[in-house]
Amino acid sequence: MIMKKEHLSRYWSAIILSLPFFSAHAQTIPLPPQWLNDAVFYQIYPQSFKDSDGDGIGDIPGIISKLDYLQWLGVNAIWLNPLFDSPFNDAGYDIRDFYKVAPRYGTNEDLVHLFQEAHKRRIKICLDLVPGHTSIDNKWFQASASADSNAYWNRFIWTNNDTLKPNDKFVLNSFPRKGTYMRNFFESQPAINYGFGKRNPSHPWEMSPMDPGPKANREELFHIIDYWMEKGADGFRVDMAASLIKNDPGYKETDKLWQEIRLRMQTKYPEGILLSEWGHPDESIRAGFTMDFLAQFGNSGYKQLFYNFDGHKIIDSAYFDLRGNGNPEVFAGYIQQQLRIIGQNGFICMPTDNHDRQRPRSGPRNTIGQLKCLMTLIFTIPTVPLVYYGDEIGMRFVEGLPEKEGSITVLNRAGSRTPMQWSSGANAGFSTAARDSLYLPIDRESCIPTVESEISDSFSLLHYTRTLVSLKKQVNAFKAGQPIQFLLAKNETYPLVYTRTDGKETYLVCINPSGKRCTFPYMAVTGKKTSVILKSGTVETMKDSQGVLQIGMGGVSSVVLRIN
Ligand code: NOJ
C-alpha cells in the first residue's frame with residue numbers, strides 16, 4: 001500500500017483526531033478530503049440537461065457545452081446520475097454494463113473528455129455508483145440465472161429451491177434456474193450478493209460476506225471504482241449504500257465492507273470521495289463514507305422544512321410555507337446532533353432536492369421570494385450545499401406527468417426530471433428535436449424561467465443563488481466545518497434564526513418564509529457594528545435605546561448580517 005508523503009500527516013492526524021464514537025475504526029479510516037469543506041455541488045440528471053445531437057435526450061457533449069455556465073455559477077463539483085449502459089427501466093439505475101457509457105449519452109472517451117474539461121474549470125465530477133443491484137439484462141445476472149452452476153451462480157441472491165415462495169422481496173423468475181431471486185428495488189433490479197449479516201440456518205442461500213460469491217462481488221465493486229477513478233472521476237454518489245449486506249443488525253458487516261472499500265479507494269486516490277445515499281450521517285460516516293445526504297426519509301426533519309401538500313410526500317405544514325404553521329425544531333435538533341457525532345470524520349450534504357422528490361418550487365411555493373428564502377438556508381448551514389439542476393432558476397415540479405423510465409406514476413418522479421430551461425428558443429434551448437420526441441415535455445407553464453432570462457435580471461433567483469455560492473466558498477464562517485447556533489427554531493414561530501462563526505467573524509441569518517410579518521430582537525450586539533451582507537424581501541434593522549438590534553421582517557424575507 002503506497003501513500004504519498006503529503007497525505008501521510010493527514011492520515012496519522014485522522015487516527016489521533018478520531019472521536020471515541022469512531023474508535024473501533026480509528027486505525028483505518030483517514031479524514032475525508034478537505035476540498036469538501038469548500039464544495040458546492042450541482043446534480044445533473046443527464047437525460048434532461050442538454051441534448052447536443054438532436055435526439056431529444058441529453059448527452060455528455062451537451063453537458064460539456066454547459067460547463068462554462070456552471071463555472072460562472074461557481075459550483076465546483078458535479079454529481080451525474082448513472083450514465084452507463086442500461087435498458088432504462090429505472091432511468092439508468094438498472095445497469096447492464098458498469099464499464100460502458102450508454103450510447104445515448106456518448107462514449108467512454110466522451111466521459112473522459114468531460115472529466116478533463118471539468119478539471120480545466122476546477123470542477124470535480126462524481127459518478128453514480130449502483131453497487132446493490134444490476135439490470136436483469138446484465139450478463140453476470142444472466143449467467144447466474146442459468147440452470148447449470150457456474151462462476152456467477154452465487155453472485156446474486158437465489159433461493160435455489162422452491163421452498164420460499166415469491167413475496168415482496170423474492171421474485172419468481174422466468175429463467176432456466178429453479179427458485180426465486182431477491183430484488184433490490186424494482187423486480188428488474190436483482191440484488192447483488194454481498195452476503196448476510198445474520199444468517200438463518202434453514203436458508204442455505206444466506207451466505208457469509210466472506211464466502212467466495214460475495215467476496216468476488218466486493219472485488220468487482222472496487223474494480224468498478226478503480227476503473228472510473230483511473231480515467232479521471234473524482235468520486236461517487238453511492239446508491240442505496242446501506243442495502244448491500246442483507247439482514248445486518250447494527251450494520252456491522254456493512255461497516256466492514258465500506259470501510260475496506262473506502263480505505264482502498266482513498267489510499268490510491270487520496271482526494272476521492274464516496275457520498276452515500278443513506279440519510280443517517282452518524283451511521284454512514286462510521287461506515288466509511290466521506291459525506292451523506294440529508295434525506296427525506298428517516299427523522300432528519302428535512303421533510304418538515306420543505307415538503308408541501310402538493311408533492312408526493314404529503315405534509316401540509318412545511319416550515320417553508322406561506323401559512324407559517326411549520327416546525328423547524330426536528331431539523332435544528334437533528335443537524336446539531338449529527339454534526340456533533342460525525343465531527344471531522346465526514347460531511348453532510350444539504351440538497352435542494354433530487355431526481356426522486358419534488359423541487360422546491362412546487363404547489364403554492366412558487367414565488368422567487370419564497371425560493372430565495374429556501375436557498376438562503378441551503379447555503380448558510382454547516383453542510384455542503386447541492387443544487388439540483390434547474391433549481392437555481394426556479395424550475396417547477398410539474399404535476400401529472402405520465403410514467404417515464406420507472407418514474408412511478410403515483411410518485412411522479414418525472415415531475416422533477418423535465419428538461420433544463422436554457423432559453424426562449426425552441427424546446428427552451430434544451431434540444432433541436434421535434435417537440436414530441438423529447439425525453440420528457442418542457443414545462444408547459446405559460447411563462448417559464450430560463451437561464452437566459454435570469455442572467456439578464458440582476459434580481460433573479462439565479463443571481464441570488466450565485467451570490468450565495470460565492471458566500472459559501474469565500475466566507476470562512478459559512479464553511480461546512482464551522483459551528484452553528486440556533487437562536488430561534490420553534491414550532492409555528494418565525495423567523496428561523498441562527499449564527500455562524502469561525503471565531504473571528506460572526507454572521508446572523510434570519511429567514512421568514514411565512515407570509516406574515518415578524519420580528520426578532522438580537523441582544524448580543526452591544527458595542528458591535530452590523531452590516532447587511534445579503535437580503536431578500538423587506539427587512540428593517542434598528543438598534544433600540546437598550547442597544548438591542550430589532551430586526552423587522554416582512555412576509556417572505558431573509559437577511560444575512562455580519563456582526564463585528
Ligand atoms: C435511489 C435512486 O435515487 C432512485 O432513483 C432509484 O430508483 C433507486 N435508488 C434504485 O436504484
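In this text the structure is predicted, and so the values were computed from the model without any measurement. (Residues numbered from 1 in each chain as written. Predicted model: local features only at pLDDT ≥ 70, side-chain atom pairs only at ≥ 80, totals over all residues. Heavy atoms only, no water.)

K.L.:
Any chance you could explain the pattern of salt bridges here in plain terms?
P.N.:
Close approach of charged atoms allows side chains of opposite charge to pair. Taken as a whole and assessed by the stated rule, the structure comprises 28 salt bridges. Between Asp 38 and Lys 479 there is a salt bridge, with its nearest N and O atoms 3.1 Å apart. Note that Asp 38 is positioned in the loop between helix 1 (5-17) and strand 1 (41-44) and Lys 479 in the loop between helix 13 (461-474) and strand 13 (484-488), a separation of 441 residues in sequence. Residue class for Asp 38 comes out partly exposed when judged on its relative accessible area of 32%. For Lys 479, a relative accessible area of 11% puts it in the buried group. Asp 85 is paired through a salt bridge with Arg 96; the nearest N and O atoms lie 3.1 Å apart. Of this pair, Asp 85 sits in strand 3 (residues 84-85) while Arg 96 sits in the loop between strand 3 and strand 4 (97-101), placing them 11 residues apart in sequence. (Salt bridge = Lys/Arg side-chain N within 4 Å of Asp/Glu carboxyl O. Helix = DSSP H or I, 4+ residues; strand = E, 2+ residues; numbered from the N terminus. Buried < 20%, exposed > 50% of the residue type's maximum accessible area, 1.4 Å probe, protein only.)

K.L.:
Before we go on, may I ask you to explain the pairing of strand 16 (residues 518-522) in this structure?
P.N.:
Side-chain positions along a regular strand alternate between the two faces of the sheet. Going residue by residue along strand 16, you find Cys 518, Phe 520 and Tyr 522 tucked away on one face and Thr 519 and Pro 521 left uncovered on the opposite face. Where strand 16 lies against strand 19 (residues 549-553), five bridges are found, and the strand directions are antiparallel. Bridging across to strand 19, Pro 521 finds its partner in Gln 550. (Pairing = 2+ DSSP bridges.)

K.L.:
Explain the site of the ligand to me, please; I cannot follow it from the model alone.
P.N.:
Close to the ligand lie Asp 90, Tyr 93, His 133, Phe 185, Arg 237, Asp 239, Met 240, Glu 277, His 355, Asp 356, Arg 413 and Arg 417, which account for all nearby residues. Asp 239 is positioned such that a nitrogen or oxygen atom in its side chain is 2.8 Å from a nitrogen atom of the ligand. Within the complex, the protein chains bury 97% of what would otherwise be the 300 Å² of accessible surface of the ligand. When atoms are counted within 2 Å of each cavity's grid points, the one that captures over half of the ligand is the largest pocket. Tallied by class, the residues present in the shell around the ligand amount to three nonpolar, two polar and seven charged. (Near = heavy atom within 4 Å. Polar contact = N/O pair within 3.5 Å; in protein donor to acceptor, adjacent residues only side chain to side chain. Areas by Shrake-Rupley, 256 points an atom, 1.4 Å probe, with all protein chains shown as cover. 1 Å grid on protein atoms, 1.4 Å probe; cavity = no way out; pocket = protein on both sides within 12 Å on 5 of 7 lines; lining within 4 Å. Sits in = over half its atoms within 2 Å of the grid points. Nonpolar A, V, L, I, M, F, W, Y, C, P; charged D, E, K, R; others polar.)

K.L.:
Looking at this structure, how should I read the packing of helix 11 (residues 368-380) against helix 13?
P.N.:
The relative placement of two packed helices comes down to the angle between their axes together with the axis-to-axis distance. One can describe the packing of helix 11 onto helix 13 by two numbers: an axis separation of 10 Å at closest approach and a directional angle of 15 degrees. What the angle tells us is that helix 11 and helix 13 run roughly parallel. Judged by the sense of rotation from one axis to the other, the crossing of helix 11 with helix 13 is right-handed. The residues of helix 13 that touch helix 11, namely those facing Ile 368, Leu 371, Lys 372, Met 375, Thr 376, Phe 379 and Thr 380, are Leu 461, Tyr 464, Thr 465, Leu 468, Val 469 and Lys 472. (Axes fitted to C-alpha atoms, helices over the stretch in contact; angles between N-to-C directions. Parallel < 35°, antiparallel > 145°, perpendicular 65-115°, else oblique. Left-handed = near helix turned anticlockwise from the far one by under 90°. Contact = heavy atoms within 4.5 Å.)

K.L.:
Where do I start with the nonpolar core in this structure?
P.N.:
When a protein is soluble and globular, its nonpolar side chains tend to lie buried together. Membership of the largest hydrophobic core comes to 156 residues, with the highest contact counts inside it found for Phe 41, Tyr 42 and Leu 127. At seven residues, the largest contribution of residues to this core is made by helix 11. (Core = buried A, V, L, I, M, F, W, Y, C linked by side-chain atoms within 4.5 Å.)

K.L.:
Where do I start with unusual backbone geometry in this structure?
P.N.:
For residues besides glycine, phi is generally negative; the peptide bonds are generally trans as well. Of note, the bond from Tyr 494 into Pro 495 is cis; its omega dihedral lies within 30 degrees of zero at 5 degrees. Tracing the backbone through its elements, the reader meets Pro 495 in the loop between strand 13 and strand 14 (496-501). Positive phi values are uncommon outside glycine, yet Phe 88 reaches one of about 60 degrees. Inspection of the secondary structure assignment puts Phe 88 in the loop between strand 3 and strand 4.

K.L.:
I would appreciate a short explanation of the packing of aromatic side chains in the present structure.
P.N.:
Two aromatic rings, taken as a pair, are described by how far apart their centres are and by the angle between their planes. Using the criterion set out here, one finds 31 aromatic pairs in the structure. Taking 5.9 Å as the distance between ring centres and 70 degrees as the angle between the ring planes, the aromatic pair formed by Tyr 319 and Phe 320 counts as edge-to-face. The pair formed by Tyr 319 and Phe 320 is uniform in burial state, with each residue classed as buried. A cation over an aromatic ring shows up here: Lys 66 above the ring of Trp 422, its NZ or CZ 4.1 Å from the ring centre. Over the ring of Tyr 389 we find Arg 359, and its NZ or CZ is 4.8 Å from the ring centre. (Phe/Tyr/Trp six-rings, centres within 6.5 Å; stacked < 30°, edge-to-face > 60°. Lys NZ or Arg CZ within 6 Å of the ring centre and 35° of its normal.)

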